[in-house]
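Given next are the chains, with one letter for each unit.
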Amino acid sequence: MNALAATNRNFRLASRLLGLDSKLEKSLLIPFREIKVECTIPKDDGTLASYVGFRVQHDNARGPMKGGIRYHPEVDPDEVNALAQLMTWKTAVADIPYGGAKGGIGCNPRDLSKSELERLTRVFTQKIHDLIGIHTDVPAPDMGTNAQTMAWILDEYSKFHGHSPAVVTGKPIDLGGSLGREAATGRGVVYATEALLAEYGKSIKGMTFVIQGFGNVGSWASRLIHEKGGKVIAVSDITGAVKNPNGIDISELLKHKEATGSLKSFSDGDSMDPNELLVHECDVLIPCALGGVLNRENAADVKAKFIIEAANHPTDPEADEVLSKKGVIILPDIYANAGGVTVSYFEWVQNIQGFMWDEERVNMELKKYMTQAFHNIKNMCQTHDCSLRMGAFTLGVNRVARATILRGWEA
Ligand SMILES: NC(=O)C1=CN([C@@H]2O[C@H](COP(=O)(O)OP(=O)(O)OC[C@H]3O[C@@H](n4cnc5c(N)ncnc54)[C@H](O)[C@@H]3O)[C@@H](O)[C@H]2O)C=CC1
Ligand SMILES: O=C(O)CCC(=O)C(=O)O
């Protein structure tokens, strides 16, 4: 099932649990606006190359639309649509005053030089600058993009609209970024994991973790879990996978990756088949890379007791069913990875106030939001006698539905 069909399915299940009116259900599913633009840039060798960029603005009932921009070869309209919709429910679950959006460009950032990436980002911004804005749609980083990408968007956008730091979040600190934003998604994953494990009388210390993806989210989650005494026994990224049953020294792995650009040939662990990683024996599995990685092909073989969805949409509905039957507890993406957008919200607030918070305050507020959201999800699980995924979906969808009705949807 593709990402959009899966997301629509989860939304509809939540809508039925909430007893939403069918016309409202339909209106909440249809995106506010879908943008598709052609971006042609000169490559460094003087030839021209064309790429397709997307921005899907899903819903703005609760506030400006918010969500990352992804650079990846598999970016397609359905996936961006699904990810935009997930942002709508995610911002509502986190209870931050935003709607949902997502963007992407179908390209492989690893094949582009820094100056080619800059040109591509600037052309994309030129095509969408009239449709984004501080109070309409605020982009941020996602897979394949980072603080530098946001700096280029800010610069290009500001040529048309004047200096506007709050138009993007996840910016470099020197351009108005927030302390703590870079680590925020991984840190939020850790707070979410702690909240979940506490329900089972467990804590991170001493438990074994397997982590897929060692980019922004995966590396920060690994680092913080390692610092809290968790044993990260296997990690993978696009370059390969490494395991060590005694626990990988994450600071050494970070240094190795920095020096070689790869997880290969790490001396403090053995290399392993990346396909084996998701079914490796562990207490907690944390996918931090692509969507759809847990599917009908591998779900039955998963050995983890807990899955924390740091990636967006890592588990397709078929796998969800198999894993639930096996008793695996899944903490859903629209909650587990909400730490990133929550600190993006703090960044936007700081830009609008023209006042910078210290990192301690950012992390303390993040913990408060993540803990509160977990308790709200649990309440929904009790009310509707449902899984954590449906608890999160009913929480998010209900808040968006209420805002939509209050704004006069029936008029
Ligand atoms: N950056 C953020 O603040 C947020 C990111 N997310 C989600 O977290 C996930 C990761 O995002 P980032 O860390 O920002 O991206 P990133 O681009 O910094 O890192 C992605 C990582 O995934 C790895 N990867 C790619 N293909 C892989 C494969 N086939 N097998 C194993 N590893 C593979 C890459 O090598 C890299 O280590 C995505 O699903 C994203 O949507 C969710 C919320 C916020
Ligand atoms: O920080 C943000 O605004 C969005 C992060 C994002 O794209 C996500 O949560 O999937």
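Computed from a prediction, not measured in an experiment: that's the story for all the values here.

Attention now moves to the overall build of the chain. If you tally the helices and strands in the chain, you get 14 helices and 12 strands. Compactness check: the chain gives a C-alpha radius of gyration of 20 Å against a globular reference of 22 Å for 411 residues, within 12% of the reference. For the chain, the spread of C-alpha atoms along the principal axes amounts to about 55 × 55 × 40 Å. Put simply, the chain has 411 residues, and 60% of those count as buried. Counting contacts in the chain only where the partners sit at least 6 residues apart, residues at least 24 apart contribute 66% of the total. By element, 50% of the accessible surface of the chain is carried by carbon and sulfur atoms, the whole surface being about 16,800 Å². One way to put it: in the chain the 45 positive side-chain charges average out to a point 3 Å from where the 50 negative ones average out.

One non-glycine residue, Asp-95, adopts positive backbone phi at about 60 degrees. Within the element layout of this structure, Asp-95 appears in the loop between α3 (77–94) and β4 (100–106). Note on Asp-95: relative accessible area 43%, which makes it partly exposed. Even without glycine at this site, His-313 takes up a positive phi of about 55 degrees.

Glancing now at the nonpolar core. Ranked by size, the top nonpolar core spans 81 residues in total, and within it Val-235, Ile-286, Leu-331 and Tyr-335 carry the most contacts. Ignoring any residue separated from it by four or fewer positions in sequence, one finds Val-235 in contact with Ile-211, Phe-214, Ser-222, Gly-240, Ala-241, Val-242, Ile-248, Ile-250, Leu-253, Leu-263 and Leu-277. By size, the runner-up hydrophobic cluster in this structure holds 24 residues, among which are Cys-39, Ile-41, Ile-153 and Val-167.

To continue, consider the site of ligand 1. The full set close to ligand 1 counts 22 residues, and Arg-70, Asp-142, Thr-185, Ala-289 and Asn-312 are the nearest of them. Interatomic distance of 2.9 Å between a backbone N/O atom of Asn-216 and an oxygen atom of ligand 1. At 2.9 Å from an oxygen atom of ligand 1 is found a main-chain nitrogen or oxygen belonging to Ile-238. With the chains in place, 85% of the 820 Å² that ligand 1 exposes on its own is no longer accessible. Those elements giving two or more residues to the shell around ligand 1 turn out to be α6 (181–199), α7 (216–227) and β7 (231–237). Of the residues that constitute the shell around ligand 1, the class distribution is 9 nonpolar, 9 polar and 4 charged.

A separate point is the side chain of Asp-142. Among the secondary structure elements, Asp-142 is positioned in the loop between β5 (137–141) and α5 (147–161). Dropping the residues within four chain positions of it, Asp-142 is found in contact with Gly-68, Ile-69, Arg-70, Lys-102 and Asn-312.

Closest axis-to-axis distance for the α3/helix α14 (residues 388–406) pair is 8 Å, and the angle between their directions is 90 degrees. Judged by the inter-axis angle, α3 sits roughly perpendicular to α14. Contacts from Leu-86, Thr-88, Trp-89, Ala-92 and Val-93 of α3 reach α14 at Ala-392, Phe-393, Leu-395, Gly-396, Val-397, Arg-399 and Val-400. The residue inventory of the contact of α3 with α14, partitioned by class, reads 9 nonpolar, 2 polar and 1 charged.

Quick look at the site of ligand 2 now. With respect to spatial proximity, 14 residues lie near ligand 2, and among them Lys-66, Gly-68, Lys-90, Lys-102 and Ser-344 are the closest. Within the side chain of Lys-90, a nitrogen or oxygen atom sits 2.7 Å from an oxygen atom of ligand 2. Protein contacts shield 96% of the accessible area of ligand 2, which totals 290 Å² for the unbound molecule. When residues of the shell around ligand 2 are traced back to their parent elements, those giving at least two are β3 (65–72), α3 and α12 (339–353). Partitioned by chemical class, the residues of the shell around ligand 2 number 3 nonpolar, 6 polar and 5 charged.

The rules behind these values
Residues numbered from 1 in each chain as written. Chains lettered and ligands numbered in written order. Predicted model: local features only at pLDDT ≥ 70, side-chain atom pairs only at ≥ 80, totals over all residues. Heavy atoms only, no water. Helix = DSSP H or I, 4+ residues; strand = E, 2+ residues; numbered from the N terminus. Rg over C-alpha atoms; globule rule 2.2 N^0.38 Å. Buried < 20%, exposed > 50% of the residue type's maximum accessible area, 1.4 Å probe, protein only. Contact = heavy atoms within 4.5 Å. Areas by Shrake-Rupley, 256 points an atom, 1.4 Å probe, with all protein chains shown as cover. Lys, Arg positive; Asp, Glu negative; His and termini not counted. Charge placed at Lys NZ, Arg CZ, Asp CG, Glu CD. Core = buried A, V, L, I, M, F, W, Y, C linked by side-chain atoms within 4.5 Å. Near = heavy atom within 4 Å. Polar contact = N/O pair within 3.5 Å; in protein donor to acceptor, adjacent residues only side chain to side chain. Nonpolar A, V, L, I, M, F, W, Y, C, P; charged D, E, K, R; others polar. Axes fitted to C-alpha atoms, helices over the stretch in contact; angles between N-to-C directions. Parallel < 35°, antiparallel > 145°, perpendicular 65-115°, else oblique.

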